[in-house]
Amino acid sequence: MTRFLVVLTDVRPIEGPGRNERTSPERRRQVVGASNREAAERIAGAFMALGMVRAGRQRVKVIAVGRRHSRD
């Protein structure tokens, strides 16, 4: 089973040749866990309705975490 994180972040200006989330991630505003993809997408949809997201000042990310290998 895969769990998902829905992350609301601030958008930052491009610095240098591009963005690198591993060395300098965007500042997180809200992090919500979901047990399945459908729930994560519903939460992300609610975040996308926020004014700051619609204005391009914040971004919504859905990240799959904790994948377990299925047993055959």
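Just above, that's the structure.
Please read these numbers as outputs of a predicted model, since none were measured by experiment.

Novice: What am I meant to see in the sheet that holds strand β1 (residues 3-10) here?
Specialist: By way of backbone hydrogen bonds, the strands of a sheet pair with one another, either parallel or antiparallel. Within the open sheet, the 3 strands sit side by side as β2-β1-β3. Their pairing is antiparallel. Here the strands that pair on one side only, and so sit at the sheet edges, are β2 (28-34) and β3 (58-65). Between one strand axis and the next, the sheet turns through 20 degrees on average, direction left out of account. Sheet analysis places β1 next to β2, joined by 6 bridges and oriented antiparallel. Residue pairing across strands places Leu5 opposite Gly33, the latter belonging to β2.

Novice: I tried to follow the side chain of Glu26 on my own but got confused; where do I start?
Specialist: Mapped onto the elements of the fold, Glu26 is located in the loop between β1 and β2. When its relative accessible area of 5% is taken as the criterion, Glu26 is described as buried. Among the polar contacts listed, one links the side chain of Glu26 to the side chain of Arg59, at a separation of 2.8 Å. A distance of 3.2 Å separates the side chain of Glu26 from the side chain of Lys61, its partner in a polar contact. Apart from the residues within four sequence positions on either side, Glu26 is in contact with Thr9, Asp10, Val11, Arg12, Arg19, Glu21, Arg59 and Lys61.

Novice: Help me understand the environment of Gln58 in this model?
Specialist: Along the chain, the position of Gln58 falls in strand β3. Given the relative accessible area of 11%, Gln58 is considered buried. On a C-alpha basis, the gap between Gln58 and Phe47 in space is 9.6 Å, while along the polypeptide they are 11 residues apart. The residues touching Gln58, leaving out its near neighbours within four places in the chain, are Leu8, Thr9, Asp10, Val11, Arg29, Met52 and Val53. Of the polar contacts made by the side chain of Gln58, one reaches the side chain of Asp10; its length is 3.4 Å.

Thresholds, definitions, all that
Residues numbered from 1 in each chain as written. Predicted model: local features only at pLDDT ≥ 70, side-chain atom pairs only at ≥ 80, totals over all residues. Heavy atoms only, no water. Pairing = 2+ DSSP bridges. Helix = DSSP H or I, 4+ residues; strand = E, 2+ residues; numbered from the N terminus. Axes fitted to C-alpha atoms, helices over the stretch in contact; angles between N-to-C directions. Buried < 20%, exposed > 50% of the residue type's maximum accessible area, 1.4 Å probe, protein only. Polar contact = N/O pair within 3.5 Å; in protein donor to acceptor, adjacent residues only side chain to side chain. Contact = heavy atoms within 4.5 Å.

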